[in-house]
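# Analysis of the macromolecular model
Here are the chains, one letter per residue:
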Amino acid sequence: MISLRDLAFAHPGGGFRLEVPDLTVTKGERVAVVGPSGTGKTTLLNLVAGLLIPQSGTVDVGDTCVSRLPDPARRAFRIGTIGFVFQNFALIDYLTAGENILYPYRITNALELTADVRVRAKNLAQAVGLAGKLARKPAALSQGEQQRVAICRALITQPTLLLADEATGNLDPENKDLILDLLFEQAAAQNATLLAVTHDHALLDRFDRVIDFANFRTSR
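Because the structure is a prediction, the values reported are computed rather than measured.

Rules of the game
Residues numbered from 1 in each chain as written. Predicted model: local features only at pLDDT ≥ 70, side-chain atom pairs only at ≥ 80, totals over all residues. Heavy atoms only, no water. Helix = DSSP H or I, 4+ residues; strand = E, 2+ residues; numbered from the N terminus. Rg over C-alpha atoms; globule rule 2.2 N^0.38 Å. Contact = heavy atoms within 4.5 Å. Areas by Shrake-Rupley, 256 points an atom, 1.4 Å probe, with all protein chains shown as cover. Phe/Tyr/Trp six-rings, centres within 6.5 Å; stacked < 30°, edge-to-face > 60°. Buried < 20%, exposed > 50% of the residue type's maximum accessible area, 1.4 Å probe, protein only. Pairing = 2+ DSSP bridges. Axes fitted to C-alpha atoms, helices over the stretch in contact; angles between N-to-C directions.

## Remarks on the overall build of the protein
- If you tally the helices and strands in the protein, you get seven helices and ten strands.
- Here the C-alpha radius of gyration of the protein, 17 Å, is about what a compact globule of 220 residues would show, namely 17 Å.
- With the C-alpha coordinates of the protein rotated into their principal frame, the extents come out at 45 × 40 × 35 Å.
- Restricting the contact set of the protein to residue pairs at least 6 apart, pairs at least 24 apart contribute 71%.
- For the protein, the exposed area adds up to about 10,100 Å²; of that, 48% sits on carbon and sulfur atoms.

Here it is, written out as structure tokens:
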């Protein structure tokens with residue numbers, strides 16, 4: 001499902017540089033990514049999603065070489081194929097929680113906002129304990145609630161690839177288990193691949209495989 005080959009990325013102006021000679025994640029696999037801060041774990045997710053483009057090498061998701069798509073095609077592919085839980089949530093502050101969950105359907109004509117989609121949004125919200133808070137804007141939600149909105153938004157399109165950047169980072173132990181259960185349940189239902197960055201080593205035994213990012217070459 002994910003294949004990185006001879007990948008090299010550096011931020012403009014120099015500084016941090018990431019090199020990944022070879023990384024493959026198979027379809028349906030649940031993979032955790034760990035490693036010290038600053039080793040490029042979030043950068044990896046952004047490269048897989050096509051939010052960043054490598055200076056060399058390739059990033060393939062399924063049969064699509066994401067790193068070679070032009071900007072509009074890359075954006076359309078991301079919206080239709082990938083669910084991304086961002087570490088900073090990336091919620092739209094002037095939209096309600098419910099509108100944020102449905103946001104992918106409002107920014108592309110490739111997705112149709114049907115009655116079934118609205119029902120799915122309500123069911124996801126209920127599953128994470130947000131059923132009574134869909135009319136609230138992000139500022140009226142706790143950090144944990146904002147994170148759960150972001151997770152519902154990532155799941156609403158029923159993506160074939162889920163990318164999660166510290167998806168359980170702002171949650172108490174009970175809600176960590178609930179969210180991880182939901183991510184695994186939704187991934188299994190769609191036969192989707194899950195690639196998750198986490199610092200919580202207590203969760204690692206629930207994944208099929210763990211990639212230690214300290215093993216990839218980084219420099220400053």
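## What to know about the packing of aromatic side chains
- A complete count under the given rule lists two aromatic pairs for this structure.
- Ring geometry for Phe84 versus Phe86: centroids 4.1 Å apart, planes at 5°, classification stacked.
- We classify Phe84 as buried; its relative accessible area is 7%.
- Ring centres 5.3 Å apart and planes at 85° place the aromatic pair Phe184 and Phe207 in the edge-to-face group. Within this pair, whereas Phe184 is found in helix 7 (residues 173-190), its partner Phe207 is found in the loop between strand 8 (193-197) and strand 9 (209-212), the two being separated by 23 residues in sequence.

## Side note on the sheet that holds strand 7 (residues 161-165)
- Taken together, the five strands give an open sheet; going across it, the order is 6-7-8-3-9, and neighbouring strands pair in parallel fashion. Where the open sheet ends on each side, the last strands, each with one partner, are strand 6 (82-85) and strand 9. Neighbour-to-neighbour, the strand axes of the sheet open up by a mean angle of 15°, direction not taken into account.
- Pairing analysis gives four bridges linking strand 6 to strand 7, with the strands arranged parallel. Its bridge partner being in strand 7, Phe84 is matched across the sheet by Leu163.
- Of the strands in this sheet, strand 6 and strand 7 are in contact with helix 6 (residues 143-155), which crosses strand 6 at around 170°.

## Observations regarding helix 1 (residues 41-49)
- The element helix 1 is largely enclosed, with a buried count of eight among its nine residues.
- Taken together, the buried positions of helix 1 are Lys41, Thr43, Leu44, Leu45, Asn46, Leu47, Val48 and Ala49.
- Following helix 1 by one or two positions, Gly50 has its phi on the positive side, about 80°.

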